[in-house]
Amino acid sequence: MKLLEDRIRKDGILAEGDVLKVDCFLNHQMDVKLFHEMGMEFKRLFAGKPINKILTIEASGIGIACVVAECFDVPVLFAKKSQSINLSGDVYATKIQSYTHKRVYDVIVSKRFIGPEDHVLIIDDFLANGCALQGLIELVQDAGATVEGIGICIEKGFQEGGKLIRATGIQLESLAIVDRMDPATGEIVFREQ
Ligand code: 5GP
């Protein structure tokens, strides 16, 4: 999506550890007009799918997921990073390794909000190694619900997540795929889509 690629080129900052910082418009300060354009693009890419719920993970996926949910006119559910050791039986739970915080979180969703009747579109801001998405897919499947697709704002195509997730056969759509980024020169190369 050219609008997003242009914005990444303009405002993205390349940080240590293959991290692309876009906190000026995506996951700290948020450009909601851009989110709306991204939401409408996801709507086009997943047209015809019987999506009745959006799922994301806190915290940085919530902003974009809310706008996508409005475009689809469905509720949005976010998986919570749980602090408690003893998880109660009324939640689906999994563990997710955080790429940016380098730690493992227990992640939960309440059984009240997801079940076999749900057709879920998973939304997240970034795809790197795929741990977050694998955890979210597991939660949906544990609930007996269906993953109708996955929408990602920025995929880092030089990391493994995209390959792993596409191998599952789930429709994965990334609005921008960064194939190369060089912190020394600031160069960012996007995949032609
Ligand atoms: P994964 O689980 O695919 O390895 O990483 C995805 C998660 O890590 C995303 O939810 C996102 O919050 C975070 N993440 C991964 N790479 C980056 C990055 O380059 N920049 C930012 N801002 N977040 C990232």
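Residues numbered from 1 in each chain as written. Predicted model: local features only at pLDDT ≥ 70, side-chain atom pairs only at ≥ 80, totals over all residues. Heavy atoms only, no water.

Colleague: Any chance you could explain the packing of helix 2 (residues 32–45) against helix 3 (residues 62–72) here in plain terms?
Modeller: Packed helices, taken two at a time, are described by the angle their axes make and the gap between the axes. Their axes nearest at 8 Å, the elements helix 2 and helix 3 cross at an angle of 55°. In terms of orientation, helix 2 and helix 3 fall into the oblique class. For the pair helix 2 and helix 3, the sense of crossing is right-handed. Together, Val-32, Phe-35, His-36, Met-38, Gly-39, Met-40, Phe-42 and Lys-43 of helix 2 and Gly-63, Ile-64, Val-67, Val-68, Cys-71 and Phe-72 of helix 3 make up the contact between the two elements. By residue class, the composition of the contact of helix 2 with helix 3 is 10 nonpolar, 3 polar and 1 charged. (Axes fitted to C-alpha atoms, helices over the stretch in contact; angles between N-to-C directions. Helix = DSSP H or I, 4+ residues; strand = E, 2+ residues; numbered from the N terminus. Parallel < 35°, antiparallel > 145°, perpendicular 65-115°, else oblique. Left-handed = near helix turned anticlockwise from the far one by under 90°. Contact = heavy atoms within 4.5 Å. Nonpolar A, V, L, I, M, F, W, Y, C, P; charged D, E, K, R; others polar.)

Colleague: Which parts of the structure should I look at to understand helix 3?
Modeller: Owing to its 3.6 residues per turn, the α-helix brings residues three or four apart onto one side. Counting buried residues in helix 3 gives 8 out of 11 residues, a clear majority hidden from the surface. Buried within helix 3 we find Gly-63, Ile-64, Ala-65, Val-67, Val-68, Ala-69, Cys-71 and Phe-72. The inward-facing, buried residues of helix 3 abut helix 2, strand 3 (53–57), strand 4 (76–82), strand 7 (119–127) and strand 8 (146–156). Just beyond helix 3, the residue with positive phi is Asp-73, at close to 55°. (Buried < 20%, exposed > 50% of the residue type's maximum accessible area, 1.4 Å probe, protein only.)

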